[in-house]
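What the coordinates show
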Amino acid sequence: MKEKNENKKKTFQPPHTFVILVVLIVLAAIATYFVPAGEYTRYKDETLGRTLVEAGSYHTVESHPVSLFSVPGIIYRAIVSAASTVTFILMIGGAFEIITSTGALTALCRKLSKMFVGKEYFVIPVFLVLFSIFGTTMGMSSEVMIFIPIGITLALSLGLDKVTGVAMIAMGAASGFTAGLLNPFNVGIAQDIAELPMFSGIGYRAVILAVLLVIDTVYIIAYEKKVKAHPEKSILYGLPESDEYRFDESSASISKRQILVLVEVAVGFIVLIYGLGKLDWYFEEMSALFLVMGVLAGIINGYGPNKIASTFGKGAAGITVGALIVGVAKGVELVLSDAQILDTIVYAIANVVNALPHTFQAVGMFIAQSFINCLITSGTGQAAVTMPLMTPVADLVGITRQTAVLAFQLGDGFSNSILPTSSALMGYLVVSKIPYPKWLKFMVPLFLLWTLAGCIFMVIAVAIGY
């Protein structure tokens, strides 16, 4: 009997991400019966060209609780509302299946792995810094999933853990996005609403980015060294291994066709970066670009139309469940919006911050923005809702508006790496095929370090009158 119980414990499986998300949606629906409905008056600011919330305009409205019987319909609507993201993920999956099937990426990583023999830990800070630049200038978040296969392949070729390959790309972009030196999607919009000069206060944000990158580097290398010494401590230990990103190390050659594929992919990424930075590209344009990149890679490698089509379909099929997860993740926000309790929750949080002792108000703003980010994961949307409320609160309690913007960007940025409702997180977990519960085991300690650092950043900001 005892032996059977032990076997049961060993075979316990953490809940599937679908289960976690559905439970959150159901809990949100139950909350609509207890949380009073309310809303702020919104107005169109012609100067900024966006809809804003009028501070002090909160008022209660008729309650609209969400029936539990409507949850399946809400899940459908959530997937439909995320159609552009879901489609983008499917296109990425199909295109990368064609590209990786040529062997070009693995051949490149095989060459790089020989260059970095004995220096594998050097790759981690290099990738963190590189992708932090993308995050802090062009606001790279959901787009990071594009580069995950490259990070994983390179990490495995260097004998590093698969999670390290994901983290050195995703955490670099996340740190850059959060610090937001020149990020138009969080700092730019928030400063606009707070009536501050665009990208002012960049010096302190540069210090914040440097500190975050140091934290990331130390944490990821410490994890990697732990796994090297004790492979069973990998968060993926015990899961069936995929050969998707592995290659035959005995083969050292790289063909002319593979070189041409690499050149084509490199040109594609240059076009992508230009399109994101200069042409305001979004999912439609990126999806079209990756479709072209995938098809061209197949043609260069000598594939016929049927081979290209079947390989694309295989890649898209393998990523379908994950793409649907990204859609379902929007269900929580839909429930709260339908019941009109989202503004009520924001209003309550703003009041709590206003009531805190002066010493803790800046930290309270940061924590409050982190909680609000659980409900409104869009940085642009969160800025539009919270900054018109937090700006007058900051004025009243003697905190600078720049510090209020800092609280927003830190609160908006950090939690995106652990929230199951974050499309960026779900996107790169889909591509890497790392289960969400497993990712949390890796990410929660780093998130807590970020949060502690965020509290210190806020205290210093107040002390220096940032």
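Anyway, here's the lowdown on the structure attached to this text.

Rules and cut-offs
- Residue positions are counted from 1 within each chain, in the order its sequence is given.
- Only residues with pLDDT of at least 70 are given local features in this predicted model, and only at 80 or more are side-chain atom pairs given and counted; all residues enter the totals for whole chains, interfaces and linings.
- Based on all heavy atoms of the structure, the side-chain values leave hydrogens and waters out of the count.
- Elements are defined by DSSP. Helices are runs of H or I of four residues or more, strands are runs of E of two residues or more, and each kind is numbered from the N terminus.
- The globule rule is 2.2 Å times the number of residues to the power 0.38, and the radius of gyration it is compared with is taken over C-alpha atoms.
- Relative accessibility decides the category of a residue: with a 1.4 Å probe and only protein chains considered, values under 20% of the type maximum give buried, values over 50% give exposed, and everything between is partly exposed.
- Any pair of residues with heavy atoms lying within 4.5 Å of one another is described as a contacting pair.
- Areas reported as accessible are Shrake-Rupley estimates using a 1.4 Å probe. Residue values count occlusion only from the protein chains shown.
- We score Asp and Glu as negative and Lys and Arg as positive, and we do not count His or the chain ends.
- Here the site of a charge means atom NZ of a Lys, CZ of an Arg, CG of an Asp or CD of a Glu.
- Note on definitions: angles span 0 to 180 degrees between N-to-C directions of axes, and those axes are lines fitted to C-alpha atoms, for helices only across the stretch in contact.
- For this classification, under 35 degrees means roughly parallel, over 145 means roughly antiparallel, 65 to 115 means roughly perpendicular, and everything else is oblique.
- By definition, turning the near helix anticlockwise from the far helix through less than a right angle yields a left-handed crossing, and turning it clockwise yields a right-handed one.
- In this count, Pro and Cys sit with the nonpolar residues alongside Ala, Val, Leu, Ile, Met, Phe, Trp and Tyr, while Asp, Glu, Lys and Arg are called charged and the others, Gly among them, polar.
- A helix's residues, less one, multiplied by 1.5 Å, set its expected span.
- Centres within 6.5 Å make a pair out of two Phe, Tyr or Trp rings, where for Trp the six-membered ring is used; the pair is then stacked when the planes are under 30 degrees apart, edge-to-face when over 60, and tilted otherwise.
- When the NZ atom of lysine or the CZ atom of arginine is within 6 Å of a ring's centre and also within 35 degrees of its normal, the charge is said to sit over that ring.
- Here, a salt bridge means any Lys or Arg side-chain nitrogen found within 4 Å of an Asp or Glu carboxyl oxygen.
- Only residues whose relative accessible area exceeds 30% and that form no salt bridge enter a patch; like-charged residues are grouped when within 9 Å of one another, and nonpolar side chains (Val, Leu, Ile, Met, Phe, Trp, Tyr) when within 5 Å.
- In plain words, nonpolar cores are sets of buried Ala, Val, Leu, Ile, Met, Phe, Trp, Tyr and Cys residues tied together by side-chain atoms within 4.5 Å.

Helix and strand counts for the chain stand at 21 helices and 4 strands. Computed over its C-alpha atoms, the radius of gyration of the chain comes to 23 Å, within 12% of the 23 Å expected for a compact globule of 466 residues. Dimensions along the principal axes, computed over C-alpha positions, put the chain at roughly 65 × 55 × 50 Å. The buried share of the chain, reckoned over its 466 residues, is 54%. For the chain, long-range pairs separated by at least 24 residues make up 78% of all intrachain contacts whose partners lie at least 6 apart in sequence. Of the roughly 20400 Å² of accessible surface on the chain, 66% is carried by carbon and sulfur atoms. A distance of 12 Å separates the average location of the 30 positive side-chain charges in the chain from that of its 30 negative side-chain charges.

Here we come to the packing of helix α4 (residues 83-101) against helix α13 (residues 305-318). Packed helix pairs are characterised by how far apart their axes lie and by the angle those axes make with each other. The contact between α4 and α13 brings their axes to 7 Å, and the two run at 125°. The angle between the axes of α4 and α13 places the two elements in the oblique class. Of the two elements, α4 crosses α13, and the hand of that crossing is right-handed. Residues Leu90, Met91, Gly93, Gly94, Ala95, Glu97, Ile98 and Ser101 of α4 touch α13, and the partners they reach there are Ile308, Thr311, Phe312, Lys314, Gly315 and Ala316. Counted by class, the contact of α4 with α13 contains 7 nonpolar, 5 polar and 2 charged residues.

Turning to α4, a few remarks are in order. In a regular helix each residue adds 1.5 Å, so 19 residues correspond to 27 Å; α4 covers 27 Å between its end C-alpha atoms and thus fits that length. Just downstream of α4 lies glycine 103, where phi reads positive at about 80°.

Attention now moves to the packing of aromatic side chains. Tallied over the entire structure, the rule returns 13 aromatic pairs. Arranged with centres 5.4 Å apart and planes meeting at 25°, the rings of phenylalanine 414 and tryptophan 450 form a pair that is stacked. Placement of the pair is phenylalanine 414 in helix α19 (residues 401-414) and tryptophan 450 in helix α21 (residues 436-463), with a sequence separation of 36 residues. As far as burial versus exposure is concerned, phenylalanine 414 and tryptophan 450 are alike and both buried. Aromatic rings pair up to connect Tyr219, Tyr223, Tyr428, Trp439 and Phe442 into one cluster. The side chain of lysine 307 reaches across the aromatic face of tyrosine 303, ending 5.3 Å from its centre.

What follows is about helix α16 (residues 342-355). Over its 14 residues, α16 runs 20 Å from end to end, which matches the ideal 20 Å to within 8%, given 1.5 Å per residue. Those residues of α16 not exposed but buried are Leu342, Asp343, Thr344, Val346, Ile349, Ala350 and Val353.

With that settled, consider the pattern of salt bridges. In total, this model carries 3 salt bridges according to the counting rule given. Glutamate 195 is the salt-bridge partner of arginine 401, the closest N and O atoms lying 3.4 Å from each other. Of this pair, arginine 401 sits in helix α19 while glutamate 195 sits in the loop between α9 (184-193) and α10 (202-229), and the two are 206 residues apart along the sequence. Residue arginine 401 is classed as partly exposed on the basis of its relative accessible area, which comes to 26%.

Together, Val19, Val23, Leu24, Leu27, Ile30, Tyr33, Phe34 and Leu68 give the surface a local cluster of nonpolar side chains, amounting to about 760 Å² of exposed area. Counting through the fold element by element, leucine 24 comes out in helix α2 (residues 17-31).

Attention now goes to the environment of proline 392. Tracing the backbone shows proline 392 in helix α18 (residues 379-397). Through-space distance from the C-alpha of proline 392 to that of alanine 55 is 7.5 Å; in sequence the pair is 337 residues apart. Not counting residues up to four positions away in its chain, the partners in contact with proline 392 are Ala55 and Met387.

Orientation of α16 relative to helix α17 (residues 358-375), taken along the N-to-C sense of each, is 170°, at an axis distance of 9 Å. Taken together, the axes of α16 and α17 lie roughly antiparallel to each other. Relative to α17, the crossing made by α16 is right-handed. Every residue of α17 that contacts α16 at Leu342, Ile345, Val346, Ile349, Val353 and Asn354 is listed here: Gln361, Gly364, Met365, Ala368, Phe371, Ile372 and Leu375. Of the residues belonging to the contact of α16 with α17, the class tally is 10 nonpolar, 3 polar and no charged.

Below, the discussion takes up the environment of methionine 168. Mapped onto the elements, methionine 168 comes out in helix α8 (residues 162-179). Linking methionine 168 and alanine 317, residues 149 residues apart in sequence, is a C-alpha distance of 27 Å.

With that settled, consider unusual backbone geometry. Phi angles above zero are rare outside glycine, and glutamate 195 is one such case at about 60°. In this structure, lysine 433 is a non-glycine residue whose phi angle is positive, near 60°.

This paragraph deals with the nonpolar core. Ranked by size, the top nonpolar core spans 144 residues in total, and within it Ile146, Met171, Tyr428, Trp439 and Phe442 carry the most contacts. Top element by residues in this core is α21. It accounts for 12 residues. When near neighbours in sequence (up to four residues on either side) are disregarded, methionine 171 contacts Leu128, Val166, Asp216, Ser417, Tyr428, Trp439, Met443, Leu446 and Trp450.

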